[in-house]
Amino acid sequence: MGVVIGKSIFPGIIIGRPYIEKKKKIDIENYRIDLEKIDEEIERFLEAVQKAKNDIKQIKNNLEGKINKEDLQILTVHIMMLDDPQFITDIKKSIKKDQSNAESIVKKVSNKYIEMFEKIADPIYKQRALDIKDISERIIMNLTSKEEVDINLNGRILVIRELLPSELLNIYYGGIKLNGIIMEYMGETSHTAILAKALEIPTLMGGNDLFSIDWGDQIILDTTSMEGKVITNPDVKALKKYDEEKNIYRKKIKEIEESIDKETVSIDNERVFLHLNIGGRLDITQVSKKNPDGIGLLRTELIYMDALEFPNEEKQRKIYENIAIEFEESQGKKPIVIRTLDIGADKKLSYYKMIDEENPSLGCRGMRLTLSDKELFKNQIKGILRAAKNHNIKMMYPMITNLKEIKEAKELVEECKKELIEKKKEFKADIEIGMMVEVPSNVLLAEIFADYVDFFSIGTNDLTQYILATDRYSPIAEKLYDCYDPAVIRAINLVAQAGIQKNKKVSVCGEMAGENQAVIALLSLGIRDLSMAPAYIPKVRNLIRKIKILELNEIKIKLLNASDSQEVKEILNTYLDKIEKGE
């Protein structure tokens with residue numbers, strides 16, 4: 001009996017058979033193409049690319065309604081990459097120059113890009129390398145006519161070094177039920193992790209030396225705690241124990257489901273508001289099942305990524321208004337926070353050429369980009385202002401660095417209002433405007449920023465990365481990326497206190513908002529608004545209904561005096577254990 005430790009991505013307890021996938025290695029034969037047949041080989045390559053695009057589009061269409069639309073946006077990104085003229089041209093030129101078959105050239109060129117991106121010290125490029133690997137494998141599969149999904153995987157726990165997003169979607173689309181996933185690759189904010197959460201598959205990432213282990217015929221996967229574990233070759237005693245644990249966990253899930261329609265109120269009657277993070281479209285089926293208090297983050301960049309050109313003012317008005325109407329029909333007139341365009345870094349548009357930067361995470365992204373193209377920005381501002389006329393819509397700016405940007409944006413909003421008045425177009429003049437808190441300058445100047453905005457929303461993913469100067473995709477530095485680091489906790493506290501002092505609402509819309517341990521920490525710091533992926537609302541609501549908010553003052557003192565993330569987690573886990581025991 002052995003134990004593998006890793007990071008829990010989605011919770012669950014699974015007892016089942018492992019499926020060991022040593023990551024298929026496609027044997028690619030390298031052979032010479034006669035000069036007169038080069039054009040035919042290029043055409044064969046282009047047909048494989050087109051098939052890849054068609055397959056992705058078909059998968060995307062067939063999964064809509066089954067998976068949150070925003071979680072399928074990675075497929076839109078892959079289609080855009082397959083349309084990248086630089087990538088396609090490089091392969092065509094290499095086929096001609098080397099007079100080699102398409103499979104070998106796709107592998108050669110994609111490896112060149114992957115190696116280049118992996119060397120760049122920025123997490124965005126690490127993810128880009130994985131995306132290129134994903135699309136190149138799909139093209140090669142089409143060229144070699146290899147089957148992608150093994151039906152023997154059905155009902156098993158997949159053990160794999162690295163699982164690409166499209167592979168996971170192919171498995172799901174093929175009707176294969178994965179009971180669990182165990183991966184060596186660690187990337188809790190990666191596309192694969194996001195999809196595993198969306199598909200609600202118990203998943204563990206970051207397991208070491210998975211292929212040197214004797215897995216046996218049966219294993220136990222337990223991802224109910226932050227630190228997940230796998231028990232290999234479990235004995236009778238372990239199996240009996242986890243049979244009991246599974247029953248306890250099932251009862252807990254049932255309890256969570258039964259609290260969905262109840263109000264999110266603590267034992268001592270403190271109201272907490274739970275909002276949704278969504279992409280450019282509303283999945284009303286998912287919304288209805290979760291009973292949220294509003295939409296805390298509507299990411300508009302996904303609307304732009306789905307378009308063939310920059311959507312104009314009128315198109316944006318219709319999109320935002322339609323989302324508001326559909327949401328109100330199901331949930332009533334609850335607030336909807338629309339974040340202005342946040343492209344740059346890992347988010348690109350096929351029709352807009354951005355400047356290549358060595359470190360795009362620190363470059364032209366978010367507000368820096370929109371303020372550099374005022375007409376682009378004004379189109380969106382007008383669309384939001386008009387859509388907000390008869391709806392509870394608010395506007396929020398991403399990636400603010402300094403006060404000058406806030407003032408400049410405010411001037412643009414006033415310009416937009418004047419222009420709308422001149423054209424006799426109706427709009428919401430008193431719309432609330434807030435900002436994301438994502439960089440250290442926001443934290444240090446929170447009290448000053450609070451005088452210029454109506455609310456704050458803390459993006460804990462970026463804030464953690466920038467405070468700790470940590471590349472979350474780096475195999476060396478990834479363990480330093482920890483939102484429970486005392487520096488991150490103290491930063492959140494500073495913003496929360498500025499909000500309380502200035503009477504401005506502070507919410508959290510990063511990954512932390514959906515984690516039980518983090519929820520305790522955030523509530524202790526005075527935050528009462530959380531925005532998260534739909535799947536996490538029921539469990540967070542259930543947790544809050546078991547808490548006495550007044551008890552958390554003592555937790556806050558301990559957290560702010562903690563010296564490392566391990567101590568922070570121990571404080572939070574001790575309190576959670578106390579709640580679970582009903583003490």
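Right, let's walk through the structure included here.

Quick notes on the rules
- Residues numbered from 1 in each chain as written.
- Predicted model: local features only at pLDDT ≥ 70, side-chain atom pairs only at ≥ 80, totals over all residues.
- Heavy atoms only, no water.
- Helix = DSSP H or I, 4+ residues; strand = E, 2+ residues; numbered from the N terminus.
- Expected span 1.5 Å × (residues − 1).
- Buried < 20%, exposed > 50% of the residue type's maximum accessible area, 1.4 Å probe, protein only.
- Arc of directions from axis to C-beta.
- Polar contact = N/O pair within 3.5 Å; in protein donor to acceptor, adjacent residues only side chain to side chain.
- Pairing = 2+ DSSP bridges.
- Axes fitted to C-alpha atoms, helices over the stretch in contact; angles between N-to-C directions.
- Contact = heavy atoms within 4.5 Å.
- Salt bridge = Lys/Arg side-chain N within 4 Å of Asp/Glu carboxyl O.
- Right-handed = clockwise from strand over helix to strand, strands pointing away.

Here glutamate 36 is to be found in the loop between strand 3 (18-21) and helix 1 (38-63). Separated by 326 residues in sequence, glutamate 36 and leucine 362 have C-alpha atoms that sit 48 Å apart.

This brings us to helix 22 (residues 565-580). It helps to recall that an α-helix has 3.6 residues per turn; residues three or four apart then point in one direction. For helix 22, spanning 16 residues, the distance from its first C-alpha to its last is 22 Å, which sits close to the expected 22 Å at 1.5 Å a residue. When we look at burial in helix 22, the residues that qualify are Ser565, Val568, Lys569, Ile571, Leu572, Tyr575, Leu576 and Ile579. Each buried residue of helix 22 sits inside an arc of 160° when the element is viewed along its axis, so together they form one side. For helix 22, the N-terminal capping position is held by aspartate 564, with its side-chain oxygen 3.2 Å away from the main-chain nitrogen of glutamine 566.

This brings us to the sheet that holds strand 6 (residues 203-205). The strand order across the open sheet formed by eight strands is 2-7-8-1-6-5-4-3, and the pairing between neighbours is mixed. The open sheet terminates on both sides in strands that have one partner only, identified here as strand 2 (13-16) and strand 3. Strand-to-strand, the axes of this sheet are offset by a mean angle of 25°, without reference to chain direction. As judged from the three bridges shared by strand 1 (residues 2-10) and strand 6, these two strands associate in the antiparallel manner. Along strand 6, the bridge assignment pairs serine 8 with leucine 204. Running over the sheet, helix 7 (residues 191-198) touches strand 1, strand 5 (180-183) and strand 6 and is turned about 80° from strand 1.

A few words on the pattern of salt bridges. A complete count under the given rule lists 33 salt bridges for this structure. Arginine 339 is the salt-bridge partner of aspartate 342, the closest N and O atoms lying 3.7 Å from each other. Aspartate 482 serves as the salt-bridge partner of lysine 569, at 3.0 Å between the closest nitrogen and oxygen. Of this pair, lysine 569 sits in helix 22 while aspartate 482 sits in the loop between helix 17 (460-468) and helix 18 (486-502), and the two are 87 residues apart along the sequence. Judged by relative accessible area, which is 12%, aspartate 482 ranks as buried. Ionic contacts of the salt-bridge type, sharing partners, join the residues Glu313, Glu314, Arg317, Glu321, Arg386 and Lys425 into one network.

Moving on: the pairing of strand 5. Along strand 5, one buried face is formed by Gly180 and Ile182 and the opposite face, lined by Ile181 and Met183, is buried too. Two elements, strand 4 (residues 157-160) and strand 5, share four bridges in a ladder whose sense is parallel. Among the inter-strand pairings, valine 159 is bridged to a residue of strand 5, identified as isoleucine 182. Tracing the backbone out of strand 4, into helix 6 (residues 165-173) and back to the parallel element strand 5 gives a crossover that is right-handed.

It is worth spelling out the sheet that holds strand 15 (residues 505-508) at this point. Strand order in this closed barrel of eight strands is 9-10-11-12-13-14-15-16, and the pairing throughout is parallel. For this sheet, the mean angle separating the axes of adjacent strands, direction not counted, is 25°. Direction of pairing for strand 13 (residues 433-437) relative to strand 14 (residues 455-458): parallel, over a ladder of four bridges. From the neighbouring strand, methionine 436 faces strand 14, where its bridge partner is serine 457. Lying over the sheet, helix 14 (residues 403-422) contacts strand 12 (393-397) and strand 13, oriented at roughly 140° with respect to strand 12.

Here we come to helix 7. Within helix 7, six of the eight residues are buried, which leaves the element mostly enclosed by the surrounding structure. Those residues of helix 7 that sit buried are His191, Thr192, Ala193, Leu195, Ala196 and Lys197. Residue glutamate 200 follows helix 7 closely and has a positive phi angle near 55°.

These figures capture arrangement, not role.
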